[in-house]
Amino acid sequence: MDDLLRLLPPIRRARGNRLYAADGRRYLDLWLDDGRGMLGDGDRHARTFAANAADKGLTRPYPGLYDKRFERAIRETWPGFVALRLFSSEERALAAAAGIVGSANAGSAGSSVVVARPFAPVPDDVEVAIPRLPCPRPFSPFCVMARSEDLFAGEPGDLVPAQSLVAAARGLASLQTAIREGYGEALWSRFDRRLAEFFDRCGPYLSPKPFPGGLEAFFKAALEGGALVSPRPDAPSVIPPDFDDGELAKLAKALAKGAGD
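Heads up: these notes are all about the structure in this document. Everything numeric here is computed off the predicted structure, so don't read it as measured data. (Residues numbered from 1 in each chain as written. Predicted model: local features only at pLDDT ≥ 70, side-chain atom pairs only at ≥ 80, totals over all residues. Heavy atoms only, no water.)

Here the focus is the environment of Ala120. With respect to the helices, strands and loops of the structure, Ala120 is situated in the loop between β5 (114–116) and β6 (128–131). Distance from Ala120 to Lys68, taken between C-alpha atoms, is 24 Å for residues 52 residues apart in sequence. (Helix = DSSP H or I, 4+ residues; strand = E, 2+ residues; numbered from the N terminus.)

To continue, consider the side chain of Ser230. For Ser230, the position within the fold is in the loop between β10 (227–228) and β11 (237–238). Given the relative accessible area of 5%, Ser230 is considered buried. A distance of 3.1 Å separates a polar side-chain atom of Ser230 from the backbone nitrogen of Arg232. (Buried < 20%, exposed > 50% of the residue type's maximum accessible area, 1.4 Å probe, protein only. Polar contact = N/O pair within 3.5 Å; in protein donor to acceptor, adjacent residues only side chain to side chain.)

Take the sheet that holds strand β8 (residues 199–202) next. Strand-to-strand pairing in sheets goes through backbone hydrogen bonds, with the strands running parallel or antiparallel. Pairing within the open sheet is antiparallel, and its three strands lie in the order β8-β9-β11. Unpaired on one side and paired on the other, β8 and β11 mark the two borders of the sheet. In this structure, strand β9 (residues 205–208) lies alongside β11, joined through two bridges in antiparallel fashion. Paired with Tyr205 across the two strands is Val238, which belongs to β11. (Pairing = 2+ DSSP bridges.)

We now examine helix α1 (residues 44–55). Helix length check: α1 (twelve residues) gives 17 Å between terminal C-alpha atoms against 16 Å at 1.5 Å per residue, within 8%. All of the buried residues in α1 are Ala46, Ala50 and Ala53. The buried residues of α1 occupy an angular sector of 60° when the element is viewed end-on, so they sit on one face. In this fold, the buried residues of α1 make contact with α4 (162–180). Two residues or fewer past α1, Gly57 is found with a positive phi of approximately 80°. (Expected span 1.5 Å × (residues − 1). Arc of directions from axis to C-beta. Contact = heavy atoms within 4.5 Å.)

Glancing now at the pairing of strand β7 (residues 142–146). Here β7 lies mainly inside the structure; four of its five residues are buried. The pairing of strand β4 (residues 83–87) with β7 spans five bridges and is classified as antiparallel. In the sheet register, Ala83 faces β7, and the bridge partner there is Ala146. With two bridges connecting them, β6 and β7 associate as antiparallel partners. The partner of Val128 across the bridge, within β7, is Ala146.

Moving on, we come to the sheet that holds strand β1 (residues 11–15). Strands sit in the order β1-β2-β3-β10 across an open sheet of four strands; the sheet is mixed. Of all the strands in the sheet, the pair left with one neighbour each is β1 and β10. In this structure, strand β2 (residues 18–21) lies alongside strand β3 (residues 26–29), joined through three bridges in antiparallel fashion. From the neighbouring strand, Tyr20 faces β3, where its bridge partner is Arg26.

A few words on the pattern of salt bridges. The tally for this structure, following the rule as stated, stands at 21 salt bridges. Arg18 serves as the salt-bridge partner of Asp242, at 2.6 Å between the closest nitrogen and oxygen. Residue Asp242 is located in the loop between β11 and α7 (245–260), and its partner Arg18 is located in strand β2; the two are separated by 224 residues in the primary sequence. Overall, Asp242 belongs to the partly exposed group, its relative accessible area being 38%. For Arg18, a relative accessible area of 10% corresponds to the buried category. Of the charged contacts in the structure, one is a salt bridge between Asp33 and Arg36, with a shortest N-O distance of 3.4 Å. Exposure remark for Arg36: the relative accessible area of 9% places this residue in the buried category. What you see here is one network of salt bridges that share partners, running through Arg18, Arg26, Asp242 and Glu247. (Salt bridge = Lys/Arg side-chain N within 4 Å of Asp/Glu carboxyl O.)

Here we take up the packing of helix α2 (residues 67–77) against α4. At a minimum axis distance of 9 Å, the contact between α2 and α4 shows a crossing angle of 30°. Taken as axis vectors, α2 and α4 run roughly parallel relative to one another. The two elements α2 and α4 cross, and the hand of that crossing is left-handed. Residues Asp67, Phe70, Ala73, Ile74 and Thr77 of α2 pack against Leu165, Ala168, Ala169 and Leu172 of α4. The residue inventory of the contact of α2 with α4, partitioned by class, reads seven nonpolar, one polar and one charged. (Axes fitted to C-alpha atoms, helices over the stretch in contact; angles between N-to-C directions. Parallel < 35°, antiparallel > 145°, perpendicular 65-115°, else oblique. Left-handed = near helix turned anticlockwise from the far one by under 90°. Nonpolar A, V, L, I, M, F, W, Y, C, P; charged D, E, K, R; others polar.)

Here the focus is unusual backbone geometry. For Leu32, which is not glycine, the phi dihedral falls at a positive 55°. Of note, Leu32 is situated in the loop between β3 and α1. You can call Leu32 buried: its relative accessible area is 3%.

So this is what it looks like as structure tokens:
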């Protein structure tokens, strides 16, 4: 599904929400690893907390002191979900969520596994969701949340390293800091002024409008314009916390050229 990412030249460094390629080109990252990097440079706090946890040896899947802190951070971000299970891998989490959704106990849980993203409303009839955490992928835990503890009957989940819980809880706290510092509608609407012709927006999330040649052509045109957009039709691009009008103007120009080819 991420084959389009192979069109990106080799990246030698990522700093905040900008990517620096080995050939000298710079890209504004609007993919942000499917939203895991939506904090931009703010995710340095999660990395620091992860490093500190590693120094304490909290890299092994044992019971720890940090589970409740992480659960509290999840409930504060998604208050409708009161139950949580942690898993040792993404595959385990997806399988567990699919099993819950498909079981008779799930009631109105629906027919698919839903990804819950910060700032995006989750429909009331969705009973089970996988949160997309603002935390670097190497440290982010795999978890499933539900609106009722009963939905997890017979599913205890797994023990996971406390390092990932510490990092993700810090990421969620940093998200609240980003909001206080202006990551919100006023910033996001600046993006519209340059690029509303090419994207539909819901909060910070972007979906490409119909484009000649489809997603692949849109993706390539965005690269020409110095931006990395979502390579997936089922996942949004994300407005980062830091961008300038010159970057947006360059992207708009490239997309206009691509639409006219």
